[in-house]
Amino acid sequence: MLPCPTWLATLLFFIQHSEMKHNIDDPTSRHHHRHRHKLADTYEYKPYYTVPDFQNIYLDKGIDFDIVAIDNESKNEWVKTPSDQISELKDKKHQHWPIKREAVIEGDLVLGGLMMVHERSENMTCGPVMPQGGVQPLETMLYTLDIINHKLKLIPGVVIGAHVLDDCDRDTYGLEMAVDFIKGSISNIDDAEYACNATAMRKVISGVVGAASSVTSVQVANLLRLFKIPQVSFFSTSPELSNKARFEYFTRTIPSDLHQVRAMVEIVKKLGWSYVSIIYEESSYGIKAFEELEALLARNGICIAVKEKLVKDSGVADESSYDDIVQKLLTKPRARGAIIFGSDQEVAGVMRAVERANATHSFSWVGSDGWSARTLVSDGNERAVEGTISVQPQANDVIGFKEYFLGLNMKNNRRNPWFVEFWEHHFQCRYPGSPRTPYNGHQKRRCSGLERLTVENTEFERQLQFVSDAVMAFAYAIRDMHAAVCGGRHGLCEAMRPASGAELLRYLRKVNFTGLSGDEFHFDANGDGPARYNILHFKQVTRGVYDWVKVGQYLDGELQLHINAIQFKWGERKPPESVCSAECELGQAKQYVEGESCCWHCFNCTQYEIRSPFVETACIVCPRGTLPDVTRTNCRPIPEVYLRPDSAWAIGAMSFSSVGILLTAFVCGVWVRHSSTPVVRASGRELSYVLLAGILMCYLVTFALVFRPTDILCSIQRFGTGFCFTVVYAALLTKTNRISRIFNASKHSAKRPILISPSSQLAICTALISIQVLIVVVWMIVAPARAMYHYPTREDNMLVCDSYVDASYMIAFFYPIVLILVCTVYAVLTRKIPEAFNESKHIGFTMYTTCVIWLAFVPLYFGTASHVPLRITSMAVTISLSASVTLICLFSPKLYIILIRPERNVRQSIMPVRYSRKPMAALPHPAVKKPPCADKETQTAAADFNKLTNGQTVLLKADEKEDKKKSNVKIANCDSDNKLKSNDRSESL
């Protein structure tokens, strides 16, 4: 026979040691109470509770079974603890507490149960009994087995039994109790090579229901996994347990805390909190949830003010520890919202500390399912708990359980060995003959046995559905396995003696059934229950009366919360503010406090800044052409400014130009009509038309200046402003140049100067104009004209042409200015020409006036850079005014002669003496001779000089001695060496 494997031997030693530890003082195991109920012999199932509507309700859910007649006064009395054990314990202290008890129901297949019947205690292994979290889940398991075995009869000829133990909400003690579940698997090893134990045959545990606590479930799951025993928990919600690589045989009917954490964060967001504290218990349940909470809160921009642990695994904290936690919470008064992820016993300690610190109005709690709707937390701490919003897995009442539980008493409940403790705790009395415990010794009143559980004095656990669903899941898995393995035969076949844990787990994960609550149930891919949560709220329903009420639900990742139903304190419906720093006002940026991600100081952005939409700690300057809006959150465009055609400035400029256009058109019409008259011909008909065209363009430029700038209009402005002046002053320069050349030539020779014909004059004028065209074309190619926005100040947004901004108009005006200067010089040089056709005086006056106008315009233009309408208007008016001066000074004298004094519009009045080509008058006698050396081309009769007026002809100046006397004038212009001779005083031309 081979020796036993090391691990198995060690485990067996631990098991035997655990048994000896409880029996060391008494070989008869006086502290190990085992309540075993045989279904066939010892225990006859006799229901003692009345459920009037139970059958109808269940029929509605598709479950068909008969209701057995009920005897409310069952004669079966409570089987007390054996008298030999009572006699030894009756007068002793509780030095052997806890007394190990177990509730056993015999069956063909047995389910283990690990319940949290007692609370944890700091000084002892087990504390007082837990009515809601312990006794009621235990009774739910037993009740569900009753329904399965005697009502539903799911498996033909097979009864499911139970072996229920207490873990006292302590993981180490729970692991010790769970060893009982594997004893059968070890002692029944059917292999001849192992001879490690010779103990009697034990019933093999097919599966385990429990534990309640996540930390206990982790320990137990690691043990049961070694023996391939499936485990279904009903209250363990730690996300860690969803890891099937580690916890292969673990499943649960309650959803994972991952969903609960998400629901809690959604609640915090709904309440508008951004700065909260977190209290979590020091266990797998609390630590894993905190890790998920911390990450999820950070992703949603919610900061944690205080992080505190509640003692769990390392024992039970004293009151001072809870006081310290509350004091730390009070150091962050702006974090009024707090999330507590813990169990009811620990949270109750926190609430008592809040009461002691008189801080009941300082916090609003968001609670986990571990303490949601637990009277252990709220009883006596109502003022501290008031306003709590908690998350609880959605569960409905188990049909018929309330009536079943309220019908229990000390006479009819034989199978629950802890029921006497519950009875004493619930009614605060001492039951006759019950074992002494650390918690019933102070009871002075004796229980009469006539006490009754009622709806008024009993608070029910809201999540008992998960306990019932766990038992039902095993039952349906066994049914499916029995049908597959045993072929539906009555009773168990050899293949299920015992049932294979691995096979049972496979069927367990596939179950889909309607539970005793009426809800559909199935496991998800991780072996967890459906993620359905109720949102509960603890408030005063009436003054001084507190209750947990449903205010919403969390389904499929979506929170539905009825804010109007929430009342944080009496008369206070608005959620308390839980932020480290109030949001900065509009136009302010944040400066974070060192080490605090949700605390900051606010500072104002400057006049032209807004808070950055991307970085909340910085201000950004609004771009040019924009200003901060009223809220200082956006930069709004400044309305564009340009000279609008409907403005007074534009209307004035256009009116002036329109008058000029009409006058120019009138002059053109007169010139065309009288184009053959001496006045028109003498003024240079062709150049006059060029001059009028230039004047007309000057007036038209105004309209290009006052309309909304575009790229095309800017191009027209750039070309037109310089071109129109070039046309005008090129024509004037051509005229003055012609006059000057004629005068200079007349001094030296009678020969006619070259290039004074009309065609020659047009050619010269065209050449002068082409220079301007070349300059502007090159400029347009190098830098095309465009409309742009100009910002002289931060408040301005001017739509102008680019030439307006950089004063590049001077390029267009440079050449016309040169022409104006040259023209002015010629006007000065020819001001004394005494020729009859001379226009130099009028041209001179025109140039002097033009210079004055433009000298006045330059400071006005550059001094109004920030006033677009005035600046554009001044330019338009200046151009029109220059055109008007030219039109009036050069053409009004001629219009006067043509229209008012047409008798002067004759050749004799227009042409000068020397250049007149008037034919010789008929002589009265053929013997009359011409004056010597007289030129027939230039000779004028002496009598004609007296008729020349208006400065257009040469006036003879008589000698002072012969002032009024007419004399013959002798004009000689023979060769270049002849001199002017006369009997009178010489006259200068």
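Going by the structure above, here's the rest.
Residues numbered from 1 in each chain as written. Predicted model: local features only at pLDDT ≥ 70, side-chain atom pairs only at ≥ 80, totals over all residues. Heavy atoms only, no water.

1. Looking at the pairing of strand β24 (residues 787-790)
As a reminder of what qualifies: When a residue's accessible area, from a 1.4 Å probe over protein chains only, is under 20% of the maximum for its type it is buried; when over 50% it is exposed; and in between it is partly exposed. Numbering of helices and strands runs from the N terminus; a helix is a DSSP stretch of H or I covering at least four residues, while a strand is a stretch of E covering at least two. At least two DSSP bridges between two strands are required for those strands to pair.
By the alternation rule, side chains of β24 split into M788 and H790, which are all buried, and A787 and Y789, of which none is buried. Bridge count between β24 and strand β25 (residues 798-801): four bridges; the pairing is antiparallel. Looking across to β25, one finds that H790 is bridged to M798.

2. Focus on the pairing of strand β5 (residues 205-209)
Summarising burial for β5: five of the five residues are buried, a large majority. Sheet topology note: the strand β3 (residues 109-115)/β5 ladder contains four bridges and is parallel. What sits directly across from G112, in β5, is V208. One ladder, built from two bridges, connects β5 with strand β6 (residues 231-233); its direction is parallel.

3. Digging into the nonpolar core
Threshold: Among buried residues, the Ala, Val, Leu, Ile, Met, Phe, Trp, Tyr and Cys ones that are joined through side-chain atoms within 4.5 Å form a nonpolar core. Between two residues, a contact is recorded if the distance between any of their heavy atoms is within 4.5 Å.
If you look at the biggest cluster of nonpolar residues, it comprises 77 residues, and the most contacted ones within it are M141, F405 and M496. Breaking this core down by element, the ones donating at least two residues are β2 (100-105), β3, α4 (131-152), β4 (160-166), α13 (401-406), α14 (419-427), α15 (464-485) and α16 (501-509). Looking at which element gives the most residues to this core, the answer is α15, with 13 residues. Discounting chain neighbours no more than four positions away, the residues touching M496 are L109, I478, M481, H482, V485 and C486. Judged by nonpolar contacts, the second largest core, of 63 residues, contains F725, V727, V800 and M875.

4. Quick look at the side chain of H537
With respect to the helices and strands, the residue H537 is situated in strand β15 (residues 532-542). Ignoring anything within four residues of it in the chain, the contact list for H537 reads G387, T388, I389, D547, W548, V549, V551, A565, I566, Q567 and F568.

5. Notes on the pattern of salt bridges
Rules: The salt bridge definition used is simple: a Lys or Arg side-chain nitrogen within 4 Å of an Asp or Glu carboxyl oxygen.
Under the criterion given, the structure shown has 28 salt bridges. The partner of D146 in a salt bridge is R415, and the shortest N-O contact between them spans 2.5 Å. Note that D146 is positioned in helix α4 and R415 in the loop between α13 and α14, a separation of 269 residues in sequence. Considered together, D146 and R415 belong to a single accessibility category, that of buried residues. Linked through salt bridges whose partners overlap, the residues forming this network are E319, D323, R352 and R356.

6. A closer look at the side chain of S242
Along the chain, S242 turns up in the loop between β6 and β7 (250-252). With sequence-adjacent residues up to four places away left out, S242 is seen in contact with R252, S256, N526 and D528.

7. A few points about the sheet that holds strand β8 (residues 275-281)
We count it as follows: Helix axes are fitted only over the stretch in contact, all axes being lines through C-alpha atoms; the angle between N-to-C directions runs from 0 to 180 degrees.
Overall, mixed pairing links the eight strands, which are arranged β9-β8-β10-β11-β12-β15-β16-β17 in an open sheet. Two strands bound the open sheet, and with one partner strand each, they are β9 (303-310) and β17 (558-561). Taking the axes of each pair of neighbouring strands and ignoring which way they run, one obtains an average angle of 25 degrees across the sheet. In this sheet, strand β12 (residues 389-393) lies alongside strand β11 (residues 364-367) in parallel orientation, the contact comprising two bridges. Each residue of the ladder has a partner; that of V366, found in β12, is I389. Where helix α7 (residues 257-270) meets the sheet, it contacts β8, β10 (337-341), β11, β12, β15, β16 (545-555) and β17, and its direction lies at approximately 170 degrees from that of β10. Of the strands in this sheet, β8, β9, β10 and β11 touch helix α10 (residues 344-356), which is tilted by about 150 degrees from β10.

8. Structural notes on the packing of helix α17 (residues 648-673) against helix α25 (residues 868-900)
Threshold: For classification, angles of less than 35 degrees are called roughly parallel, those exceeding 145 degrees roughly antiparallel, those between 65 and 115 degrees roughly perpendicular, and all remaining angles oblique. Definitions for this section: a left-handed crossing has its near helix turned counterclockwise from the far helix by less than a right angle. A right-handed crossing has that turn clockwise. Amino acid classes used here: Ala, Val, Leu, Ile, Met, Phe, Trp, Tyr, Cys and Pro are nonpolar; Asp, Glu, Lys and Arg are charged; the rest, including Gly, are polar.
Between α17 and α25, the least distance of the axes is 9 Å, while the angle of their chain directions is 25 degrees. Judged on the interaxial angle alone, α25 and α17 are roughly parallel. The hand of the α17/α25 crossing is left-handed. Classifying every residue of the contact of α17 with α25 gives 18 nonpolar, five polar and one charged.

9. Side note on α25
Note on helix geometry: an α-helix contains 3.6 residues per turn, so any two residues three or four positions apart are oriented the same way. Keep this limit in mind: Across the chain, bend at a residue is computed as the angle between axes fitted to the seven residues ending at that point and the seven starting from it.
Considering bend angle alone, the principal kink of α25 is centred on F891 and spans about 45 degrees; proline P893 follows within four residues of it. Within α25, 24 of the 33 residues are buried, which leaves it mostly tucked inside the rest of the structure.

10. Structural notes on unusual backbone geometry
Of note, the amide linkage connecting G210 to A211 takes the cis form, showing an omega dihedral of 0 degrees. Mapped onto the elements of the fold, A211 is located in the loop between β5 and α6 (214-226). In this structure, P498 follows R497 across a cis peptide bond, with omega equal to -5 degrees. Residue placement: P498 occurs in the loop between α15 and α16. The phi dihedral of K153 falls on the positive side, at around 50 degrees, and the residue is not glycine. A positive phi angle, near 55 degrees, is found at R632, a position not held by glycine. Relative to the helices and strands, R632 is located in the loop between β22 (626-628) and β23 (635-637).

11. What about the environment of G441?
Structurally, G441 is set in the loop between α14 and α15. Under the relative-accessibility criterion, G441 is labelled partly exposed at 29%. For the pair G441 and R430, spaced 11 residues apart in the sequence, the C-alpha separation amounts to 7.9 Å. Residues within four places of G441 in sequence aside, it is in contact with R430 and R436.

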